Every structure is written in C-alpha cells, then in structure tokens.
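Geometric and topological summary
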Amino acid sequence: MKLKIYFLFCFVLFAVNSFAQQNDIMPQSEIYEWPQDEAVKKKLDTWQDQKFGMIIHWGLYVVPGIIESWSICSEDWIERDSTIKYEDYKKWYWGQSEKFNPTKFNPEQWAKAGKDAGMKYLVFTTKHHDGFAMFDTKESDFSIAKGPFANNPKKDVAKYVFDAFRKENFMIGAYFSKPDWHSQYYWWDKYATADRNNNYDIRKNPWRWNMFKSYTQNQIGELMNNYGSIDILWLDGGWVRPRASVNKEVLSWGAPIPEWSQDIDMPKIAADARKVQPGLIVVDRTVHGQFENYQTPEQKIPEKQLDYPWESCMTLGGAWGFVPNDQYKSAGEVVHKLVEIVAKGGSLLLGIGPKADGTLPDNVITRLEEIGKWTSKNGVAIYGTRITKNYHDGQNWFTQSKDGKTIYGISLINNTTNKEISWQGSMPKKGSLITILGTNQKVKWTLKDGKVHFNFPKTEEKIALTFSFTPETN
C-alpha cells in the first residue's frame, strides 16, 4: 500500500497539477457593479493604492506536497491512480490532518518576505475546498487547531498570520471557500461525490442545506468577529451561487451546474460581516453583483485596460501551495507582469506556498528579495497611482499620480540592447525634462515623427527603467 501511495503521490503531483490551472479556473465576470456603501468605496480606493499583494495557500495538501484540494474531486479532468479506490484516496487525503504538525510555523518570516518584496496586502487561505480550517473554528473538529498542532501556543494559525502581517502594515484579507467537501452538509456520504457541487438535491433536502448555510455563515462570523480588523473577505468556489446568477460565462466555461440553487444568502453574510468590519470589501469571485467588489482574473491579465477595481491572482511557481521542485518565475517576469497589470488598472496578488513545517522555501525568499530591489527604487510609479488614457506603447507602460500632475513611464528591459526610449501618446510639457527614478537623473527629450524620444541612460537596471514627467496638459 505504501508503494501505491508513493506512485499515487507522483501521479497526482504531476498529472493533476498540469491540468488544474486549466480546469479549476472560473471565468472573469463581464460586468462590474460598483458598491453602494460609501465605506466600501472608500476602502476600495485605499486597496487600489496597494497594487501588490500576497496570497498564501497553506493546508493539508502541503503534507504530501500536492495540488490543493482538487485531487479529492471526481471530475473527468482529474487523474488518479486507478489501482486506488476513490473512497480510499479521500480517506488518505483527509488523513493528512493527523500528520500536519508545522512546528516551525513562522508567520513573521512570511510577513517580512512580503514586505521585502514590496507587497502591501495579504489574502490568507483560512479554509480551502477540502474543508480543513486553518483557524480554531467551533463549527468543526477538522482544523489545524484540533490535530497534532493542538498543543502548540500558535494553534490558531490565522490569528498569528494576520497579526504578523498587520505589524508590517498590510491590509488583511481572509480567503474562505464557500464549498466544503468535508462537511456532511455539502458532500453527504449517503451519496457518491460526483463533482465539485454538493451531492444531493437541495430541493428534496432543504434541512440539510439550511444546516450548511448556518455552518458557512457561522464560520465566516468567527473570522469576522475573532481575528481583529479584516479588510477583505475573499470568497472562492464561485459555483456555490443562486441558480438565477448562473450566467453565460459559467455555462460556456463548462463547469458542472446542478439543477438546484446553491444559495448561501450572501446579503446576510455581507451585512453581518460589515456590522463588525465596516467598509469590508467582499469578493464573491465570479458572481457579479453587489458582492463582487473587485474582479479576480486568475493566472491571466486582461487584454485591455479596465476602469473598475480588479486584481490578477497568479502563482509565483506552478502551483498555489508548496510542491517539491516547483519552478518559480524570475523577478523580472513578476515585475513585468506587475507593471502591465497596474498600467491596465489592476493589482497583482502573487501566490506563495509555505512548506509543511511552516517556513517559506529559501528560493521563494530569495525571489521576493530580488523583486523588492526593484519595487523599493521604483515604487512611486506603482503604488498609489491610477490609470492614464495612453497607457501602453511597445515596451513602455504608463501610470499617473492621483492628481494627474505627474505621468510615470516604465520601460521594460528585454534581452536586446535598449539604446533609446520612445513612445507616441502622452507628451511631456514643452521645455521640461524627464526624470529617471532611482537616480534622479534629468534627461532631455525630443519630439520626432509624433513620438517622444530620449537616449537610454547609463544604468545597472536590468528589469525595467522608470521615469516621470509633467504632462503637456498641465
């Protein structure tokens, strides 16, 4: 059996991980609805200043080092070792709770690494689809606080994660999965678990679904009431939604949609949460309306600039959580994505996966430090900026200060030799100079054939050169 599990581990690690990014990603909503609550609008504006955040996936899946949750779901795109019975696999997976003992749990290390990278907000996975809570919930015994880690003074993991990041002045977000595959109120063991949806007809079993609604609302209530100031409630599992809100994007995506409504009463959840967390940003992912306060395109960047709040959530490596021998994006690739995202009006939420012992991999820390070397010198062109009409030309991306008095240009450095920077669109004020950020060097520019030109200055910058100017309109 141990041998089978070993092969199963390898199979799931490589096969499931390779398909997961294509199959568990729900489409971005095509419609955005601005919130009516002025306190929410104000917090959204503050959030839009941050631009760069960290999302942390940390749960049962890190013990064997496999993709988060999805391997226990029964859908065609998920491959498992055919010699292992599905029910046996689920027992094995959930049994990792008896092994999860992160004795080196170090949220201060995570927060410092995020700060060093220039990140400004956090989204921490308090519970993924597998139902394992990373906080001390009274609603279930299936949590980090009830297993081998129960006697550790930091057993209420979410509390210490949030506290560590607050000390580094991060905005705080709580990721929470609406579906819960461990709960008998969602996946009832009377029936097989056919797919990601709840496995019984809610119309015939209203009591059971009402119990699930209470369970979900109570757990979110615990997070909102017991863990200090929370800025963002980031809700995943967009297939848990009222039937009436199943839109054409969901249907075209091909996700299994049951005949019944999976309504968990989002108006009540949001209202109760905002009673104790005024202005709370609610992100009911892919369910457009009053409870999707910003959109979350996953592992991609929208083709065009958007004039409403959004973020691209992307992994630093190939997986959301920790897997052995993961391949991480270079600092240059991350910065280039950050620049494009911000110029298009969004924020980058970068996925980091701590190891099973509670520490970050050394190469993740190194990569975040490398990213921070750029953000620390050039952050004025990123943080607190807003979109500008002429935001892109060639390798050049543009943002502007909130008051519109300064335009920031960011020229991506590629493998070719950059000899000149030129663009068409935003014109500097006549007679003014362009300032190179980081060195404060002043350079002259010329206007030729309708394009602004200036010589690429001497610099050791290898990722992106940032500059500023006063626009002609001012």
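Throughout this description, residue numbers start from 1 for each chain and increase along the sequence as written. Confidence filtering applies because this is a predicted model: local features only for residues at pLDDT of at least 70, side-chain atom pairs given and counted only at 80 or more, and all residues used for totals across whole chains, interfaces and linings. Neither water nor hydrogens contribute to the side-chain values; these are computed over all heavy atoms in the structure.

**Quick word on the overall build of the protein**
The numbering of helices and of strands both runs from the N terminus, where a helix is a DSSP run of H or I of at least 4 residues and a strand a run of E of at least 2. Regarding its fold elements, the protein presents ten helices and 16 strands. When we talk radius of gyration, it's over C-alpha atoms, and the globule rule is simply 2.2 Å times the number of residues to the 0.38. Relative to the 2.2 N^0.38 estimate, which gives 23 Å for 474 residues, the radius of gyration of the protein is 23 Å and therefore close to what a compact globule would have. Once the C-alpha set of the protein is aligned to its principal axes, its extents read approximately 75 × 50 × 40 Å. Burial statistics for the protein: of 474 residues in total, 59% are counted as buried. A separation of at least 24 residues holds for 73% of the contacts in the protein among residues at least 6 apart in sequence. Each accessible area value is a Shrake-Rupley result obtained with a 1.4 Å probe; residue values ignore everything except the protein chains displayed when judging cover. For the protein, the computed accessible surface area is about 20,200 Å², with 49% contributed by carbon and sulfur atoms. Both charge centroids of the protein, one from 59 positive and one from 56 negative side chains, sit 4 Å from each other. Per-residue accessibility, obtained with a 1.4 Å probe over protein chains only, is compared with the maximum for each type, and a residue is labelled buried under 20%, exposed over 50%, and partly exposed between these values. Every residue pair with non-hydrogen atoms within 4.5 Å of one another is taken to be in contact. Charge counting follows a simple rule: Lys and Arg are positive, Asp and Glu are negative, and His as well as the terminal groups are ignored. Taken as the charge location is NZ of Lys, CZ of Arg, CG of Asp or CD of Glu.

**Observations regarding the side chain of arginine 285**
Relative to the assigned elements, arginine 285 resides in the loop between strand E5 (281-284) and strand E6 (311-315). Residues adjacent in sequence count toward polar contacts only when both atoms are side-chain atoms; beyond that, a polar contact is any pair of N or O atoms within 3.5 Å, and within protein one must be able to donate a hydrogen and the other to accept it. Here the side chain of arginine 285 touches aspartate 236 through a polar contact of 3.1 Å, side chain to side chain.

**Details of the packing of aromatic side chains**
Pairs were defined over the aromatic rings of Phe, Tyr and Trp, the Trp ring being its six-membered one, requiring ring centres within 6.5 Å. Orientation was assigned from the angle between planes: stacked under 30 degrees, edge-to-face over 60, tilted for the rest. Applying the stated criterion across every chain yields a total of 35 aromatic pairs. Members of the aromatic cluster, each reached through a chain of ring pairs, are Trp58, Phe100, Phe105, Trp110, Phe132, Phe142 and Phe149. Between lysine 120 and the ring centre of tyrosine 383, over which it is positioned, the NZ or CZ distance is 4.6 Å. Over the ring of tryptophan 188 we find arginine 208, and its NZ or CZ is 3.7 Å from the ring centre. Think of it as a cone above the ring: NZ of Lys or CZ of Arg counts as a charge over the ring if it is within 6 Å of the ring centre and within 35 degrees of the ring normal.

**Quick notes on helix H9 (residues 331-343)**
Since there are 3.6 residues in each turn of an α-helix, residues three or four apart along the chain are aligned in direction. By this rule the span expected of a helix is its residue count minus one, scaled by 1.5 Å. Relative to the 18 Å expected for 13 residues at 1.5 Å per residue, H9 spans 18 Å between its end C-alpha atoms, a close match to the ideal helical length. Listed as buried for H9 are Ala331, Gly332, Val334, Val335, Leu338, Val339, Ile341, Val342 and Ala343. Positive phi appears at glycine 345, one or two residues downstream of H9, with a value of about 100°.

**A closer look at the sheet that holds strand E11 (residues 420-423)**
The pairing criterion for strands is at least two bridges between them, as found by DSSP. The sheet built from three strands is open, its strands ordered E11-E15-E14 with antiparallel pairing. At either margin of the open sheet sits one strand with a lone partner, and together these are E11 and strand E14 (446-448). When the angles between neighbouring strand axes are averaged without regard to direction, this sheet yields 30°. Note that E14 and strand E15 (residues 451-455) share three bridges and pair antiparallel. Residue threonine 446 lies in a different strand from E15, and its bridge partner there is histidine 453. Helix axes use the C-alpha atoms of the stretch in contact, all axes being lines fitted to C-alpha atoms, and the angles between their N-to-C directions lie in the range 0 to 180 degrees.

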